[in-house]
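Topology and contacts: notes
One letter stands for each residue in the lines below.
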Amino acid sequence: MTEMGGLLATRQLSRRVWLSILAFLVLLGFLVASRSSGRILLQEESHHTSIDPVTNRTLGFSKIFAIGLPERTDKRDALTLTSALTGFDVAFIDGVRGESIPDQAVPAGIDRTALMETNLGSWRSHLNVIRRIVEEDLESALIMEDDMDWDVRLKTQLKQIAEGARYLMPSGRAPSSPYGDSWDVMWLGHCGEVFPEQLPENEGKPLHPKYTITNDQTVPPIGKLTGLVKFADHPEFTRWVHVSGGPICSFAYALSRSGARKVLFDLSVDRLGGPFDNALAGFCRDGASGNLDGLQAKCLSVTPPVFFHHRAKGRISGDSDIQSGASTDVREKGATENIMWSARNNLRNMMLGLEMESQF
């Protein structure tokens, strides 16, 4: 009985030891897993935190500039109120009249008579802002024309666009900008855009990837969209962030630090190939083609755009400061293409806390 009791006691002790070791291993595994999960969670939190600045007072850029002739106080009043009600700040930059630019300041490659003075003034207006970005060494800036409109839900849209920009042009490290650090130009507002594979110089080359946003309720129905993409060939309510093919119109675009320096060189110091928007599109088109002898521009576009020219109610002749018109017709209600909940058309509703109205 004594030997048997001793044997049992030994076995029980051994079992306790093994149970203790097993419990320790389980606890150790739990702690390791917790630490690992904690690291993943921190990465996710860091990732989301880096996207959040798109909701700040500069929409995630260092500054926001709006270009317009100082005498167009009507446009400044409207843009000031619209941006205030949708939560961001704009610094106005005075536009330039072409007639004020001496011949000596016109870049190589340009016949000012063929370009027209209004286009020359538009070019210098944009270049003044771009030079300021370089002078102040800004990380990035959003530049828009003074008649822009956007959806009331712009900040929600920009979060998705930031995700797309970082997906298409990853930084390889934690980016300092919510949009990533690897792009030069980001076209957020334009008249129309094509995908780069539609351009003849890219025939037979590998396709550029796209970041597709599906079921986007801020995208108008297909029948109401305008642009160069055949929207009917794609699912309704789709928006893309993609490599720029060659956008038309410089409604609203962002420049990174590197982008501003490249554009200042390419569209002023070196030469100028045409109206500002066409020249900037050519800069991006050259980058999309993979031309190693160029400035290797890295441009992204958003299609359909999230900024668009607003045609305000009142005299139609007041729409453009570049294309003059003598029409005496009056528009009864303002309108903006490609924008569902027009911020301009919902100013009263936003101030009074009323339900937003859709254009379509």
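Everything numeric here is computed off the predicted structure, so don't read it as measured data.

A closer look at the overall build of the protein chain
Broken down by element type, the protein chain carries 8 helices and 13 strands. Among the 360 residues that make up the protein chain, the fraction classed as buried is 45%. A sequence separation of at least 24 residues applies to 75% of the contacts in the protein chain between residues at least 6 apart. On the protein chain, roughly 18,500 Å² of surface is accessible, and the fraction owed to carbon and sulfur atoms is 56%.

Overview of the packing of aromatic side chains
The geometry of an aromatic ring pair is captured by the separation of the ring centres together with the interplanar angle, meaning the angle of the planes. Tallied over the entire structure, the rule returns 9 aromatic pairs. Where Phe-251 meets Phe-308, the ring centres are 5.1 Å apart and the plane angle is 70 degrees; that geometry is what we call edge-to-face. With a gap of 57 residues between them, Phe-251 in the loop between strand E7 (239-243) and strand E8 (252-256) and Phe-308 in strand E10 (residues 307-311) connect regions that are remote in the sequence. The exposure class of Phe-251 is buried, given its relative accessible area of 8%. Phe-308 sits in the buried class, given a relative accessible area of 4%. What links up through ring pairs into an aromatic cluster is the set Phe-88, Trp-150 and Phe-307. Above the ring of Trp-341, the side-chain terminus of Arg-153 is found at 3.6 Å from the ring centroid.

What about the nonpolar core?
It is characteristic of soluble globular proteins that their nonpolar side chains tend to be buried jointly. Leu-142, Met-144, Trp-150, Tyr-179, Met-186, Leu-188 and Phe-307 are the most contacted members of the largest nonpolar core, which has 40 residues in total. No other element matches helix H5 (residues 154-168), which puts 6 residues into this core. Those residues in contact with Leu-142, other than ones at most four positions away along the chain, are Leu-59, Phe-61, Lys-63, Ile-64, Phe-65, Leu-188, Tyr-253, Ala-254 and Phe-307. If you look at the next biggest cluster of nonpolar residues, it comprises 33 residues, including Val-106, Leu-115, Ile-133 and Ala-279.

Let's talk about helix H2 (residues 73-86)
In an α-helix there are 3.6 residues to a turn, and that puts residues three or four apart on one side. The terminal C-alpha atoms of H2 lie 20 Å apart, and with 14 residues this matches the ideal 20 Å at 1.5 Å per residue to within 8%. What H2 keeps buried is the set Lys-75, Arg-76, Ala-78, Leu-79, Thr-82, Ser-83 and Thr-86. On an axial view of H2, the arc spanned by its buried residues comes to 165 degrees, and they lie on one face. In this fold, the buried residues of H2 make contact with strand E1 (63-68), strand E2 (91-94), strand E3 (140-145), strand E4 (148-150), H5 and helix H8 (347-352). Gly-87 occupies a position one or two residues after H2 and carries a positive phi of about 90 degrees.

Let's talk about the pairing of strand E5 (residues 185-189)
Buried residues dominate E5, accounting for 5 of its 5 residues. Two strands pair when backbone bridges link them, and E5 and strand E9 (residues 299-303) are joined in this way by 3 bridges, in the parallel orientation. Looking at the pairing, Met-186 lines up with Leu-300 of E9.

Considerations on the state of the cysteines
Within the structure shown, the criterion is met by 2 disulfides. Through a disulfide, Cys-191 is tied to Cys-249; the S-S separation comes to 1.7 Å. Between Cys-191 and Cys-249 the disulfide shows an S-S torsion of about -85 degrees. By sign, it is left-handed. Placement of the pair is Cys-191 in the loop between E5 and strand E6 (210-213) and Cys-249 in the loop between E7 and E8, with a sequence separation of 58 residues. You can call Cys-191 partly exposed: its relative accessible area is 28%. We classify Cys-249 as buried; its relative accessible area is 15%. One disulfide bridge connects Cys-284 with Cys-299, the sulfur atoms lying 2.2 Å from each other. Handedness here is read from the sign of the S-S torsion; for Cys-284 and Cys-299, about -80 degrees, the answer is left-handed. Here the residue Cys-284 occupies a position in helix H7 (residues 276-288), and Cys-299 occupies one in strand E9, the gap between them amounting to 15 residues.

Side note on the confidence of the model for the protein chain
Here the protein chain averages 88 in pLDDT, and 84% of its residues register 70 or above. Within the model, pLDDT remains below 50 along residues 1-14, and this stretch shows 0 contacts once partners closer than five positions in the same chain are excluded. Taken together, the stretch residues 21-49 has pLDDT below 50 and engages in 2 contacts with residues farther than four places along the chain or on a different chain.

Focus: the side chain of His-242
Counting through the fold element by element, His-242 comes out in strand E7. Given a relative accessible area of 1%, His-242 falls into the buried group. Polar side-chain contacts of His-242 include one of 2.8 Å to the side chain of Thr-303. Sequence-distant contacts of His-242, defined by excluding residues within four places in its chain, comprise Leu-168, Glu-193, Val-194, Phe-195, Pro-196, Lys-210, Cys-299, Leu-300, Ser-301 and Thr-303.

A short note on the pairing of E10
Within E10, 4 of the 5 residues are buried, which leaves the element mostly enclosed by the surrounding structure. The pairing of E4 with E10 spans 3 bridges and is classified as antiparallel. By the bridge assignment for E10, Met-148 is matched with His-309. The pairing of E10 with strand E13 (residues 335-336) spans 2 bridges and is antiparallel. Residue pairing across strands places His-310 opposite Thr-336, the latter belonging to E13.

Let's talk about the packing of helix H6 (residues 257-269) against H7
Two numbers describe how H6 lies on H7: the axes approach to 10 Å, and their chain directions differ by 120 degrees. Considering their axes alone, H6 and H7 lie oblique with respect to each other. Where H6 crosses over H7, the handedness of that crossing is right-handed. Only Phe-276, Ala-279, Leu-280 and Phe-283 of H7 make contact with H6, whose side of the interface consists of Lys-262, Val-263, Asp-266 and Leu-267. Per-class residue counts for the contact of H6 with H7 are 6 nonpolar, no polar and 2 charged.

Rules of the game
Residues numbered from 1 in each chain as written. Predicted model: local features only at pLDDT ≥ 70, side-chain atom pairs only at ≥ 80, totals over all residues. Heavy atoms only, no water. Helix = DSSP H or I, 4+ residues; strand = E, 2+ residues; numbered from the N terminus. Buried < 20%, exposed > 50% of the residue type's maximum accessible area, 1.4 Å probe, protein only. Contact = heavy atoms within 4.5 Å. Areas by Shrake-Rupley, 256 points an atom, 1.4 Å probe, with all protein chains shown as cover. Phe/Tyr/Trp six-rings, centres within 6.5 Å; stacked < 30°, edge-to-face > 60°. Lys NZ or Arg CZ within 6 Å of the ring centre and 35° of its normal. Core = buried A, V, L, I, M, F, W, Y, C linked by side-chain atoms within 4.5 Å. Expected span 1.5 Å × (residues − 1). Arc of directions from axis to C-beta. Pairing = 2+ DSSP bridges. Disulfide = S-S within 2.5 Å. pLDDT = per-residue confidence, 0-100. Polar contact = N/O pair within 3.5 Å; in protein donor to acceptor, adjacent residues only side chain to side chain. Axes fitted to C-alpha atoms, helices over the stretch in contact; angles between N-to-C directions. Parallel < 35°, antiparallel > 145°, perpendicular 65-115°, else oblique. Left-handed = near helix turned anticlockwise from the far one by under 90°. Nonpolar A, V, L, I, M, F, W, Y, C, P; charged D, E, K, R; others polar.

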